[in-house]
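# Report on the structure
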Amino acid sequence: MGGVVKRAYKYRFYPAPEQAALLNRTFGCVRLVYNRALEARTRAWAVERRRTTYVQSSAWLTEWKRSDDLAFLNEVSSVPLQQTLRHLQAGFAAFWDKRARYPRFKSKRKSRASAEYTRSAFRWRDGQLTLAKMNTPLNIVWSRPLPEGAEPSTVTVSRDAAGRWFVSILIEDQTVKPLPPVTAEVGVDAGITSLLTLSRPVPGVSDEQGKVANPRYGQADRRKLAKAQRNLARKQEGSNNRAKARLKVARIHTRIADRRRDHLHQLTTRLVRETQTVAIEDLSVRNMLRNRRLARVISDAAWSEFRNMLEYKATWYGREVIPIDRWYPSSKTCSACGRINTTLALNDRVWTCPGCGVEHDRDINAAKNILAAGLAER
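This section reports on the structure supplied with the text.

Rules behind the numbers
- Residues numbered from 1 in each chain as written.
- Predicted model: local features only at pLDDT ≥ 70, side-chain atom pairs only at ≥ 80, totals over all residues.
- Heavy atoms only, no water.
- Buried < 20%, exposed > 50% of the residue type's maximum accessible area, 1.4 Å probe, protein only.
- Helix = DSSP H or I, 4+ residues; strand = E, 2+ residues; numbered from the N terminus.
- Pairing = 2+ DSSP bridges.
- Core = buried A, V, L, I, M, F, W, Y, C linked by side-chain atoms within 4.5 Å.
- Contact = heavy atoms within 4.5 Å.
- Axes fitted to C-alpha atoms, helices over the stretch in contact; angles between N-to-C directions.
- Phe/Tyr/Trp six-rings, centres within 6.5 Å; stacked < 30°, edge-to-face > 60°.
- Salt bridge = Lys/Arg side-chain N within 4 Å of Asp/Glu carboxyl O.
- Expected span 1.5 Å × (residues − 1).
- Polar contact = N/O pair within 3.5 Å; in protein donor to acceptor, adjacent residues only side chain to side chain.

Among the six residues of strand β6 (residues 154-159), five are classified as buried, and the element is accordingly described as predominantly covered. Of the pairings in the sheet, the one linking strand β2 (residues 113-118) to β6 comprises six bridges and is antiparallel in character. Its bridge partner lying in β6, Tyr117 is registered against Val155. For β6 and strand β7 (residues 165-173), the ladder comprises six bridges, and the chain directions are antiparallel. Following the sheet pairing, Ser158 is matched in β7 by Phe166. Between β6 and β7, which pair antiparallel and follow one another directly, the connecting turn spans five residues, one of which, Gly163, has a positive phi of 85°.

Overall, antiparallel pairing links the five strands, which are arranged β2-β6-β7-β1-β5 in an open sheet. Every interior strand has two partners, whereas the edge strands, β2 and β5 (140-141), have only one.

By size, the foremost hydrophobic cluster in this structure holds 44 residues, and its most contacted members are Leu23, Leu129, Leu131, Val157 and Val167. Looking at which element gives the most residues to this core, the answer is helix α1 (residues 17-48), with 11 residues. Those residues in contact with Leu131 that sit more than four places away from it in its chain are Leu23, Tyr117, Ala121, Phe122, Leu138, Val155 and Val157. Grouped together as the second largest cluster of nonpolar side chains are 24 residues, Leu195, Leu271, Val278 and Ile298 included.

A separate point is the environment of Asn241. By the secondary structure assignment, Asn241 is in helix α6 (residues 240-274). Residue classification places Asn241 among the partly exposed positions, given a relative accessible area of 46%. Separated by 108 residues in the primary sequence, Asn241 and Arg349 place their C-alpha atoms 49 Å from one another.

Time to look at the sheet that holds strand β10 (residues 211-213). Here five strands make up an open sheet; going across it, the order is β10-β9-β8-β11-β12 and the pairing mixed. In this open sheet, the two strands that pair with only one neighbour each are β10 and β12 (320-324). Mean inter-strand twist for the sheet, computed between neighbouring axes without regard to direction, equals 25°. For strand β9 (residues 194-198) and β10, the ladder comprises three bridges, and the chain directions are antiparallel. Paired with Ser194 across the two strands is Ala213, which belongs to β10. On top of the sheet, α6 reaches β8 (185-190), β9, β10 and β11 (277-281); it is set at about 5° to β9, its chief contact. Sheet strands touched by helix α10 (residues 362-376): β8, β9, β10, β11 and β12. Its angle to β8, the strand with the most contacts, is close to 125°.

Summed over the entire model, instances satisfying the criterion amount to nine aromatic pairs. Considering the side-chain rings of Phe92 and Trp96, the 5.7 Å spacing of their centres and the 40° angle between planes classify their relative orientation as tilted. Separated by four residues within a single helix, Phe92 and Trp96 lie in helix α3 (residues 78-96), roughly one turn from each other. Classification of Phe92 by relative accessible area gives buried; the value is 4%. Judged by its relative accessible area of 29%, Trp96 falls in the partly exposed class. With a centroid separation of 5.9 Å and 70° between ring planes, the pair formed by Trp124 and Trp142 is classed as edge-to-face. Remark: Trp142 occurs in the loop between β5 and β6 and Trp124 occurs in strand β3 (residues 122-125); sequence separation between them is 18 residues. Within the aromatic cluster, the residues linked to one another by ring pairs are Phe92, Phe95, Trp96 and Tyr102.

Any two side chains of opposite charge can pair, given that their charged atoms come close. Applying the stated criterion across every chain yields a total of 19 salt bridges. When the shortest N-O distance is used, the salt bridge between Asp160 and Arg164 registers 2.7 Å. Exposure class is identical for Asp160 and Arg164. Each is buried. Salt-bridge contacts for Arg307 lead to Glu311; the nearest nitrogen and oxygen are separated by 2.9 Å. Highlighted residues: Arg307 and Glu311, both in helix α9 (residues 303-317), separated by four residues, approximately one helical turn. The structure contains a network of salt bridges with shared partners spanning Asp160, Arg164, Asp258, Arg261 and Glu305.

Right, let's get into α3. Its 19 residues give α3 an end-to-end C-alpha distance of 28 Å, which sits within 8% of 27 Å, the value for a rise of 1.5 Å per residue. For α3, the full list of buried residues reads Val79, Pro80, Leu81, Gln82, Gln83, Thr84, Leu85, Leu88, Phe92 and Ala94. In this fold, the buried residues of α3 make contact with α1, α2 (54-66) and β2. Where α3 begins, one side-chain oxygen reaches toward the backbone nitrogen of Val79, 3.3 Å away; that side chain belongs to Ser77.

Okay, the environment of Val5 next. Along the chain, Val5 falls in strand β1 (residues 5-13). Along the chain, Val5 and Arg164 lie 159 residues apart, while their C-alpha atoms are 28 Å from each other. Val5 has contacts with Ile171, Glu172, Asp173, Val176 and Trp316, leaving out every residue within four places of it along the chain.

Moving on, we come to α1. For α1, which comprises 32 residues, the first-to-last C-alpha distance of 46 Å matches the rise-based estimate of 46 Å (1.5 Å per residue) to within 8%. Phi for Arg49, located one or two positions after α1, is positive at around 55°.

Next up, the structure:
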């Protein structure tokens, strides 16, 4: 653990008009190639029951470029087009292994606008990044320096719904070192009233009871977002005023997402620094979102994003994350005697064990059981 890891550094940049035009064309071509390849592969299976591969889809791309209708594909770098075919192949591999659902078509309005460049499609010289088909380097705001001597292996350019441009630079970082071992072990129970409840208080993470407050960034800006969305609904389709109103809605969404992500980064970093082992529930957030009454608050809590951050940071710094079975009755089991209280209702936040008489805070008791179950699965 530790040592050399692949790490992405994300920066905001401000493209010149000609750069923005080229990148927008690239995004469109990437989306078109992905959708055409997905359609062709789906048709090949539906008609001939034949699986196609990346090599065959790459040959299709060559044919598309030679056609008069798709000759404009030659105006952008070929590397992002090949990379999107590789991503499609990875999507099919995940589907065949039953790790993901069938690949879906990319939408112009809903899908992420991005393009990936490998080493042959960009120039990195004297701290300046120049992409293929461009004559000038990107105007990047270096909010933090890259590690000394770092050589980018992959560059991903993206534009979010609010019109902001970002470049993500992937490097092999040799500066990540495992943290000194500590003895602290903690169980984590995800919730809504409290974002997290820990089996024991952790300095700089939780309060004295072991609870982490839920900031609910989505709820804080809900009125502002609803007003902006109503304003958008009143605008005429295709008008400039509608475009401005859509941008305002997007900026509110990005503000919520940025604040939530920043909070989760700080939370997971502190948790990894202060504890050696973290036990968590293996929640199926996708299924839980089917509950219409709780879908909004569950999405606002971002439990999946919390887990992803926690796991990769633990890998970097020599810590351990143990997921336990999602069906384990952590809330109904007494952490003192092990008896399961089958009559416990969802609104019982404090309960007394009928076996040993110990009074429990529902969430703290669940966190203690999660830790015990995680340590037992080692």
